[in-house]
Every structure is written in C-alpha cells, then in structure tokens.
Amino acid sequence: MVLVYCIFDKCGNQRKKNGKISFFSFPKEPELLQKWIDFINDHNPTKMNEKQLDREKMKLCHMHFEKNQVVTKSNNDRVLIRNSVPRCPPGIM
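Remember, predicted model here, so these are calculated numbers, not experimental data.

Each helix and strand counted, the protein chain has 1 helix and 5 strands in total. The helix and strand sequence of the protein chain, counted from the amino end, reads β-β-α-β-β-β. A separation of at least 24 residues holds for 58% of the contacts in the protein chain among residues at least 6 apart in sequence. For the protein chain, the exposed area adds up to about 6,300 Å²; of that, 49% sits on carbon and sulfur atoms.

Now the structure itself:
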C-alpha cells in the first residue's frame, strides 16, 4: 500500500494513520491545477511546481476545503465538487 499524505506542510494527515480523512488528487486541468499549487505555495515554506508533483502519493485532504466544496455520500465517502479550490489551511483560519 502506497503511503498517501496531505502535501500541506502543517497538516500531517496520512491515509495510513487516519481512515477518517479523505484525500483528493490534484486536478489534471492546468488552470485549476495552478490554483491548487498556488494555495500550497502561499502557505508552505517549501515551494512546489507541477514537475515535482507525485500524483500517486501527494494529495490534499478534505480539511483544506470549505464544507460546501465537499459532499458526503451515503456510504460516508467524500467527493470534491468539480472546480473546487483549496481555501482552508488548518491552524491558520
């Protein structure tokens, strides 16, 4: 099993440690992807770009999205609403 983790520096959520956290893959659409990378670079001391992105391991957890951007399905899986941009870094807001 690949260790999936939240790329946000101050978060520390990992799939292996916490089954109650949902993780979302970085979008493939270039403009939206850049917004996600900008969010990370605005809040992380370690800057990143698209070439550094390991899509298999690096994700953002649901804690970085507003509640209205995440839908919980009947089986308790969380789904990110299309075109959502992260906005909520834990510990900052």
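Moving on, we come to the packing of aromatic side chains. Throughout the structure, instances matching the rule amount to 4 aromatic pairs. Both rings, one in Trp36 and one in Phe65, keep their centres 5.3 Å apart while their planes meet at 55°; by these two values the pair is tilted. Here Trp36 is found in helix α1 (residues 30–43), whereas its partner Phe65 is found in the loop between β3 (58–61) and β4 (70–72), with 29 residues between them in sequence. The same class applies to Trp36 and to Phe65, which are both buried. Among the aromatic residues, those joined into a cluster by ring pairs are Phe24, Phe26, Trp36 and Phe65.

With respect to the helices and strands, the residue Ser84 is situated in the segment after β5 (78–80). Taking the relative accessible area as the measure of exposure, Ser84 reaches 6% and is therefore buried. Sequence-wise, Ser84 and Glu66 are 18 residues apart; in three dimensions their C-alpha atoms are separated by 9.0 Å. Looking at Ser84, its side chain comes within polar contact range of the main-chain oxygen of Ile81, at 2.6 Å.

Criteria and thresholds
Residues numbered from 1 in each chain as written. Predicted model: local features only at pLDDT ≥ 70, side-chain atom pairs only at ≥ 80, totals over all residues. Heavy atoms only, no water. Helix = DSSP H or I, 4+ residues; strand = E, 2+ residues; numbered from the N terminus. Contact = heavy atoms within 4.5 Å. Areas by Shrake-Rupley, 256 points an atom, 1.4 Å probe, with all protein chains shown as cover. Phe/Tyr/Trp six-rings, centres within 6.5 Å; stacked < 30°, edge-to-face > 60°. Buried < 20%, exposed > 50% of the residue type's maximum accessible area, 1.4 Å probe, protein only. Polar contact = N/O pair within 3.5 Å; in protein donor to acceptor, adjacent residues only side chain to side chain.

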